[in-house]
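# An overview of the molecular structure
Here is how the chains run, residue by residue.
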Amino acid sequence: LQIISQFLSLMWYLILTPRRKRPNSIIVINPLTRSSLPALLLGRLWRIPVVIIASDVRSETTSFLKRLRRWTQLSMIRLAPGVVVYSNFTGRDFRAQRPWIRMMCPPSPDVMDMRVVPLNRNTRNIYFSGSTNHFSGVNLLLDAIMYVTDPSYRFWFSGRGPFDNEIHAAAASDSRIVHFGFVSREKYLALLQGAN
């Protein structure tokens, strides 16, 4: 109901926008039904381009409503006149034969200003940092680790989220895996420097 009410209120707000104040284009961040659907409908009505920045696509498939929401979001990505993606996979999977462009997010200034340390060619440190959920792909990395048989590899994780328990369980059975949890910025930068 919240999504429906937000969709209707945004739609009503945009419909009441005076002709002289109508935008030349509409850019929507994330293919959320409440904002993307009104944008696509009014973009077509007003004959202006609509671009969706598809930085996040939901993956829940646990209930009918969540599957419907995911289907709606993917449909909006497929139907939008233009889409900006953070991953080539999103573009290839959902925008076949339609225009899309990949946007790169530059690292933050403290990462750019990090002291350069010589690469230690004797280590094989793979570092994952971020939310431990389906969207980040941490489950795929956990699944892939079992295929890496070289004992010199180390798999470091920092962050927090729904997959914390799975990472801890994997670390208990594989000494190459370490979960540092949610770390300070200084610790994050140190881990980043130690990663290959």
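First, a word on what this report is: a plain description of the structure on this page. Counting restarts for each chain, with residues numbered from 1 along the sequence as it is written. Per-residue local features are limited, in this predicted model, to residues with pLDDT of at least 70; the limit for side-chain atom pairs, both in listing and counting, is 80 or more; totals at the level of whole chains, interfaces and linings are taken over all residues. Only heavy atoms go into the side-chain values, all of them from the structure, while hydrogens and water stay out.

Let us look at the overall build of the chain. A tally of helices and strands in the chain yields 8 helices and 7 strands. For this measure, only C-alpha atoms enter the radius of gyration; the expected value for a globule follows 2.2 Å times N^0.38, where N is the number of residues. For 196 residues, the compact-globule estimate of 2.2 N^0.38 gives 16 Å, and the C-alpha radius of gyration of the chain, at 21 Å, exceeds that figure by more than 25%. Here the C-alpha coordinates of the chain stretch approximately 65 × 40 × 35 Å along the principal axes. Relative accessibility thresholds used throughout: buried, under 20% of the residue-type maximum; exposed, over 50%; partly exposed, between the two (1.4 Å probe, protein chains only). In the chain, which comprises 196 residues, the proportion classed as buried is 34%. Looking at the chain alone, contacts between residues at least 24 apart form 58% of all its contacts between residues at least 6 apart. Only the protein chains shown count as cover for residues, and all accessible areas are computed by the Shrake-Rupley method using a 1.4 Å probe. When the accessible surface of the chain is totalled, it reaches about 13,000 Å², and 59% of it is carbon and sulfur. Here Asp and Glu are counted as negative and Lys and Arg as positive; His is not counted, and neither are the chain ends. Here the site of a charge means NZ on Lys, CZ on Arg, CG on Asp, or CD on Glu. The positive charge centre, built from 25 side chains, and the negative charge centre, built from 11, are 15 Å apart in the chain. Going along the chain from the N terminus, every DSSP run of H or I of four or more residues is numbered as a helix, and every run of E of two or more is numbered as a strand. When checking whether two residues touch, look at their non-hydrogen atoms; a contact exists if any pair is within 4.5 Å.

This part takes up the packing of helix H2 (residues 33-46) against helix H3 (residues 64-79). It is at 10 Å that the axes of H2 and H3 come closest, and there the two elements cross at 40 degrees. Compared by their axis directions, H2 and H3 come out oblique. Once H2 is placed against H3, the crossing between them reads as left-handed. Across the interface between the two elements, Thr33, Ser36, Leu37 and Leu40 from H2 touch Arg69, Thr72, Gln73 and Met76 from H3. By residue class, the composition of the contact of H2 with H3 is 3 nonpolar, 4 polar and 1 charged. Every axis corresponds to a line fitted to the C-alpha atoms, with the helix fit spanning only the stretch in contact, and the corresponding angles, defined between N-to-C directions, vary from 0 to 180 degrees. Note on terminology: angles under 35 degrees are roughly parallel, angles over 145 are roughly antiparallel, angles of 65 to 115 are roughly perpendicular, and the others are oblique. Each helix crossing is assigned a hand: it is left-handed if the near helix lies turned anticlockwise from the far helix by less than a right angle, otherwise right-handed if that turn is clockwise. Here the nonpolar group is Ala, Val, Leu, Ile, Met, Phe, Trp, Tyr, Cys and Pro; Asp, Glu, Lys and Arg are the charged ones; every other residue, Gly included, is treated as polar.

A few words on H2. The end-to-end C-alpha distance of H2, which contains 14 residues, comes to 19 Å, matching closely the 20 Å that a straight helix rising 1.5 Å per residue would cover. Of the residues making up H2, those classed as buried are Thr33, Ser36, Pro38, Ala39, Leu40, Leu42, Gly43 and Trp46. Lining the buried residues of H2 we find helix H1 (2-15), strand S1 (26-29), strand S2 (50-54) and H3. Of the residues flanking the end of H2, it is Arg47, one or two places downstream, whose phi is positive at about 60 degrees. Multiplying 1.5 Å by the helix residue count minus one yields the expected span of that helix.

A negative phi angle is the norm for most residues apart from glycine, just as the trans form is the norm for most peptide bonds. Positive phi values are uncommon outside glycine, yet Asn30 reaches one of about 70 degrees. Tracing the sequence through the fold places Asn30 in the loop between S1 and H2. The backbone phi angle of Arg47 is positive, close to 60 degrees, even though this residue is not glycine. Its location among the elements puts Arg47 in the loop between H2 and S2. Classification of Arg47 as exposed rests on a relative accessible area of 77%.

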